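# Geometric and topological summary
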Amino acid sequence: MASNFCVKFLLPAARRSVTYTPVRFCKMMNDPLEHATGIEKRELLAKAAGNENPFDMRVFKRGAGTKDQPNLIPSAFDARLVGCICEEDQTFVQWMWVYQGEPKRCECGHWFKLVEKAPV
């Protein structure tokens with residue numbers, strides 16, 4: 001009786017076949033803009049509008065950098081961390097905080113000033 005039970009109920013359950021879904025039936029993921037929220041969505045919208053650098057993270061070339069004509073650094077906040085490579089062959093970055101309304105002088109003599117920029 002026990003062997004009859006095994007043949008009828010347990011063996012078919014153990015022989016389940018594996019099914020595969022062909023890739024052609026899978027749908028592609030929708031546009032990432034539809035799934036994004038918060039700051040990621042604002043970044044994608046800015047890039048779609050043509051602004052490839054919405055957070056101003058690109059490297060700026062220093063200008064004159066005098067006290068009368070400082071290098072202008074855009075920022076949506078009251079302070080920003082700025083890195084200055086003082087000499088061409090320098091192997092480290094000189095970091096400093098620049099605050100709104102207060103021009104800051106680097107150790108190499110170049111001046112930096114924050115200018116207000118609209119947030120993303």
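Keep in mind the model is a prediction, meaning the values are calculated, not measured.

### Some details on the nonpolar core
Listed in full, the nine residues of the largest apolar core are Ile 73, Val 82, Cys 84, Cys 86, Met 96, Val 98, Cys 106, Phe 112 and Leu 114. Only strand E2 (79-84), strand E3 (94-99) and strand E5 (111-116) provide two or more residues apiece to this core. Discounting residues that sit within four places of it in the chain, Val 98 has contacts with Asp 78, Ala 79, Arg 80, Val 82, Lys 104, Phe 112, Lys 113 and Leu 114.

### Comments concerning the sheet that holds E5
Read from one edge of the open sheet, three strands run E1-E5-E4, paired in mixed fashion. The sheet terminates laterally at strand E1 (71-75) and strand E4 (104-105), the two strands that pair on one side only. The pairing of E1 with E5 spans five bridges and is parallel. Of the residues in E5, the one forming a bridge with Leu 72 is Lys 113.

### Observations regarding the UniProt feature "binding site: Zn(2+)" (unreviewed entry) in the protein
Look at the UniProt record and you will see "binding site: Zn(2+)" (unreviewed entry) annotated at Cys 84, Cys 86, Cys 106 and Cys 108. Judged by maximum C-alpha separation, these annotated positions cover 25 residues in sequence but sit close together in space, the widest gap being only 8.7 Å. By the element assignment, Cys 86 lies in the loop between E2 and E3. For Cys 86, a relative accessible area of 17% corresponds to the buried category.

### What to know about the side chain of Gln 90
Examined against the element boundaries, Gln 90 turns out to sit in the loop between E2 and E3. A residue is classified by how much of its surface remains accessible, and Gln 90, at 17% relative accessible area, is buried. Within the structure, the side chain of Gln 90 is placed 2.9 Å from the backbone oxygen of Phe 92, a separation counted as a polar contact. The residues contacting Gln 90, other than those within four sequence positions of it, are Cys 84 and Ile 85.

### Digging into the pairing of E5
Relative to E5, E4 runs antiparallel, the two being bridged by two bridges. Along E5, the bridge assignment pairs Arg 105 with Trp 111. The loop that links E4 with its antiparallel partner E5 comprises five residues; one of these, Gly 109, has a positive phi angle of about 105 degrees.

How each quantity is defined
Each residue is numbered by its place in its chain's sequence as written, counting from 1. At least 70 in pLDDT is required for a residue's local features to be given in this predicted model, at least 80 for side-chain atom pairs to be given and counted, and no such filter applies to totals for whole chains, interfaces and linings, which use all residues. Hydrogens and water molecules were not included; the side-chain quantities draw on all heavy atoms of the structure. Among the buried residues, those of types Ala, Val, Leu, Ile, Met, Phe, Trp, Tyr and Cys that are joined through side-chain atoms within 4.5 Å form a nonpolar core. Burial classification: accessible surface area is computed with a 1.4 Å probe over protein chains only, and a residue below 20% of its type maximum counts as buried, one above 50% as exposed, and the rest as partly exposed. A run of DSSP states H or I qualifies as a helix once it reaches four residues; a run of E qualifies as a strand once it reaches two. Both are numbered from the N-terminal end. The contact criterion used is simple: two residues touch if any of their non-hydrogen atoms lie within 4.5 Å. Following DSSP output, two strands are said to pair if at least two bridges run between them. UniProt positions are given in the numbering used here, feature names are shortened, and annotations may be inferred rather than shown by experiment. A 3.5 Å cut-off defines polar contacts: any pair of N or O atoms within that distance qualifies, except that in protein one atom must be a possible hydrogen donor and the other a possible acceptor, and neighbouring residues in sequence count only when both atoms are side-chain atoms.

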